[in-house]
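These are the residues of each chain, in order.
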Amino acid sequence: MSSFGFTFLSRKALGQAEQMMFGGKVGVRDEVGFLIVHQRYADHFFPGTSVLHTRLRYALLIPWLYQSLRTKRPIPKDFAQAFADLEHELTGRLKFADGLGGEKDGVIGGEVYPRAISQPPAYVYWTALAKWGLIGTRPDGRPWSRQDMAKLLASSSKRAIHDDDGKPFEAVAWPISGLVDAPADWEDWGNWDERYNEDSDGKLTLDLSHREQNYIAGKLRAVRSPRDPGEPSLLAKLVGKPLDGADHCWDAAIVSLAGNEAPMLKRAGQAAALSAIGRAIYAALVETLKENRDKRPQPDRHRSALKDTVAKWGKQASRLDMNLFLDEVGHLPPPVEVVLKDTFAWVRAGGRDPMPLLEVYTRAEVSRKDDRARLAANQFGVDRRMEWQGEHHGNADPLHYRWGNVKRLLRDLEGVA
């Protein structure tokens, strides 16, 4: 069924290209592999979340779009494209316009509308919809894909459509059930580009109604800990709580709510501190090589920043129990594990000069970036260092485990009973 696949694959490729171009803005800079630690802990504490998430109401808007398609069944029955069209119109309904309303912030694709975006809302929130129980699982227990949903919508056509196991889709129950009702004006669809400048009818907000808050709160409170399904996840425990005072997810106020996962959360904080030092070491190494090996005088920006980073985060990083940490994050690529262990030993030994770590950092970066590695001793390394501009290389912050996004999402449920 090739007609359902092309849109998603091309958008994913474009999205990956954007992540490479703007990686420092949308996620975690990752030269030697710390992003793996970030993802493992973030997925554990905050299942389904993403650094691309903006507001919680998208977790309702997307299922409502599918419900609308299921009701209307447009012609032609290319439901993947029909969904993309509705998703595009949704952006128009949410985007702020003077005198009409809408949202000034948090609209996915709002900055480029009416141009199409590479990572539309359903792409961004799909994992969350499955993890949070807004879209059920397949009969075999696997999550539904967006391509599957398009096939389900098309299954009423005369031609039988089957899943990968040969089971007819029309025999499968619709995976969205018990969903809170959409607002009364939800179905006010039309050619939004034409209606956009006429009036505010059909404009939408990302604020949740009281009824929607209660519904989403119930869903999030049911999200279990990946390690212990008998325990609520940390995400579930934070629903309805005031969080703005916590700069990090391992702040004392959050640790006090973590229950059995408090020791793990503290270790995540210590690993985040270790990663900040590791990122500072990396930048100091590049700066040193560019000056000493490539004979390009450099300001002392990152070598000086390394001292400050160690002073700020060294004490916390040195408390990390490396064995428990490695057990929690699971298998790591060997070069990345060596970097973490050697950086930890360097911190514990009161290290100041990063050059003894050059070999292990180089090995880790080359294993991940190959010819794009800046620390490499070959001509590719020289070329990449020539492109590197220290003043544009970001500060070495700890891993954030998506905390800023989690706070923003949960702010929409603050105070809910």
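Definitions and cut-offs
Each chain has its residues counted from 1, running along the sequence as written. Given that the model is predicted, a residue must reach a pLDDT of at least 70 before its local features are reported, and side-chain atom pairs must reach 80 or more before they are shown or counted; all residues, however, enter totals for whole chains, interfaces and linings. Side-chain metrics in this entry use all non-hydrogen atoms of the structure; hydrogen atoms and water are not considered. Helical segments are the DSSP runs of H or I of at least four residues, strand segments are the runs of E of at least two, and each set is numbered from the N terminus. Partly exposed describes any residue whose relative accessible area lies between the buried limit of under 20% and the exposed limit of over 50%, with all areas from a 1.4 Å probe on protein chains only and scaled to the type maximum. Any two residues having at least one pair of non-hydrogen atoms within 4.5 Å are treated as being in contact. To measure how exposed things are, a 1.4 Å probe is used in the Shrake-Rupley method; for residues, cover is taken only from the protein chains shown. Residue types Ala, Val, Leu, Ile, Met, Phe, Trp, Tyr and Cys, when buried and joined through side-chain atoms within 4.5 Å, form a set referred to as a nonpolar core. Whether two aromatic rings pair depends on their centres lying within 6.5 Å, for rings of Phe, Tyr and Trp, where Trp uses its six-membered ring; planes under 30 degrees apart make the pair stacked, over 60 edge-to-face, and the rest tilted. Charges are assigned to positions over rings by a cutoff of 6 Å between ring centre and Lys NZ or Arg CZ, combined with an angular limit of 35 degrees from the ring normal. To estimate the expected span of a helix, subtract one from its residue number and multiply by 1.5 Å. Salt bridge, as used here, is a side-chain nitrogen of Lys or Arg placed within 4 Å of a carboxyl oxygen of Asp or Glu. Under this scheme, a helix contributes an axis fitted over its contacting stretch, all axes are lines through C-alpha atoms, and angles between N-to-C directions fall in the 0 to 180 degree range. Comment on the angle field: the value is read as roughly parallel under 35 degrees, roughly antiparallel over 145, roughly perpendicular from 65 to 115, and oblique elsewhere. By convention the crossing between two helices is left-handed if the near helix lies anticlockwise of the far one by an angle smaller than a right angle, and right-handed if it lies clockwise. The residue classification treats Ala, Val, Leu, Ile, Met, Phe, Trp, Tyr, Cys and Pro as nonpolar and Asp, Glu, Lys and Arg as charged. All others, Gly included, are polar.

## Digging into the overall build of the protein chain
Moving on, step 1. Each helix and strand counted, the protein chain has 17 helices and zero strands in total.
Moving on, step 2. Across the 417 residues in the protein chain, those meeting the buried criterion constitute 52%.
Moving on, step 3. In the protein chain, once contacts between residues fewer than 6 apart in sequence are set aside, the share between residues at least 24 apart is 73%.
Moving on, step 4. For the protein chain, the exposed area adds up to about 19,600 Å²; of that, 50% sits on carbon and sulfur atoms.

## With respect to the nonpolar core
Moving on, step 1. Membership of the largest hydrophobic core comes to 116 residues, with the highest contact counts inside it found for Tyr 41, Trp 132, Phe 325, Tyr 361, Tyr 401 and Leu 413.
Moving on, step 2. Residue contributions to this core peak at 17 residues, all from helix α11 (residues 262–292).
Moving on, step 3. Not counting residues up to four positions away in its chain, the partners in contact with Tyr 361 are Val 32, Phe 34, Gly 278, Ile 281, Tyr 282, Leu 285, Val 339, Thr 343 and Leu 375.

## As for the packing of aromatic side chains
Moving on, step 1. Under the definition given, this model contains 10 aromatic pairs.
Moving on, step 2. Both rings, one in Phe 46 and one in Trp 403, keep their centres 5.9 Å apart while their planes meet at 35°; by these two values the pair is tilted. Here Phe 46 is found in the loop between α2 (34–45) and α3 (58–72), whereas its partner Trp 403 is found in helix α17 (residues 403–411), with 357 residues between them in sequence. Here the two residues Phe 46 and Trp 403 agree in accessibility, since each one is buried.
Moving on, step 3. Taken together through their ring pairs, the aromatic side chains of Tyr 41, Phe 45, Phe 46, Trp 250, Phe 325, Tyr 401 and Trp 403 make up a single cluster.
Moving on, step 4. Taking NZ or CZ as reference, Arg 93 lies 5.7 Å from the ring centre of Trp 186, over its face.

## Regarding α3
Moving on, step 1. Between its first and last C-alpha, α3 extends 21 Å over 15 residues, near the 21 Å set by a 1.5 Å rise per residue.
Moving on, step 2. Extensive coverage of α3 is indicated by the burial of 11 of its 15 residues.
Moving on, step 3. Looking only at α3, the buried set comprises Tyr 58, Ala 59, Leu 60, Leu 61, Ile 62, Pro 63, Trp 64, Leu 65, Tyr 66, Ser 68 and Leu 69.
Moving on, step 4. Considering only its buried residues, α3 is in contact with α4 (79–94), α5 (121–131), α6 (146–154) and α8 (210–221).

## What about α4?
Moving on, step 1. For α4, built from 16 residues, the straight-helix expectation of 22 Å at 1.5 Å per residue is met to within 8% by its first-to-last C-alpha distance of 22 Å.
Moving on, step 2. The element α4 is largely enclosed, with a buried count of 13 among its 16 residues.

## A look at the pattern of salt bridges
Moving on, step 1. One pass over the structure, following the stated rule, counts 21 salt bridges.
Moving on, step 2. As a salt-bridge pair, Asp 43 and Arg 402 come within 2.6 Å of each other at their nearest N and O atoms. Within this pair, whereas Asp 43 is found in helix α2, its partner Arg 402 is found in the loop between α16 (379–387) and α17, the two being separated by 359 residues in sequence.
Moving on, step 3. Using a relative accessible area of 8% as the deciding quantity, one classes Arg 402 as buried.
Moving on, step 4. Arg 142 serves as the salt-bridge partner of Asp 140, at 2.6 Å between the closest nitrogen and oxygen.
Moving on, step 5. Salt bridges here are not isolated pairs; linked through shared partners, they connect Arg 138, Asp 140, Arg 142 and Asp 148.

## Digging into unusual backbone geometry
Residues other than glycine predominantly adopt negative phi, and peptide bonds predominantly adopt the trans conformation.
Moving on, step 1. Here Tyr 113 and Pro 114 are connected by a cis peptide whose omega angle stands at 10°.
Moving on, step 2. By the secondary structure assignment, Pro 114 is in the loop between α4 and α5.
Moving on, step 3. Of note, the phi angle at Lys 295 is positive, near 60°, even though the residue is not glycine.
Moving on, step 4. Tracing the backbone shows Lys 295 in the loop between α11 and α12 (301–318).

## So, the environment of Asp 185
Moving on, step 1. Summarising the element assignment, Asp 185 is placed in the loop between α6 and α7 (192–195).
Moving on, step 2. The sequence separation of Asp 185 and Lys 203 amounts to 18 residues, and the corresponding C-alpha distance is 9.0 Å.

## Structural notes on the packing of α11 against α12
Moving on, step 1. With their axes 9 Å apart at the nearest point, α11 and α12 run at an angle of 160° to one another. In terms of orientation, α11 lies roughly antiparallel with respect to α12. For the element pair α11 and α12, the recorded crossing hand is left-handed.
Moving on, step 2. When the residues that make up the contact of α11 with α12 are grouped by side-chain class, the tally is 12 nonpolar, seven polar and four charged.

## Some thoughts on the environment of Phe 380
Moving on, step 1. Within the secondary structure layout, Phe 380 lies in helix α16.
Moving on, step 2. Judged by its relative accessible area of 39%, Phe 380 falls in the partly exposed class.
Moving on, step 3. It is 9.0 Å that separates the C-alpha atoms of Phe 380 and Asp 370, two residues lying 10 residues apart in sequence.

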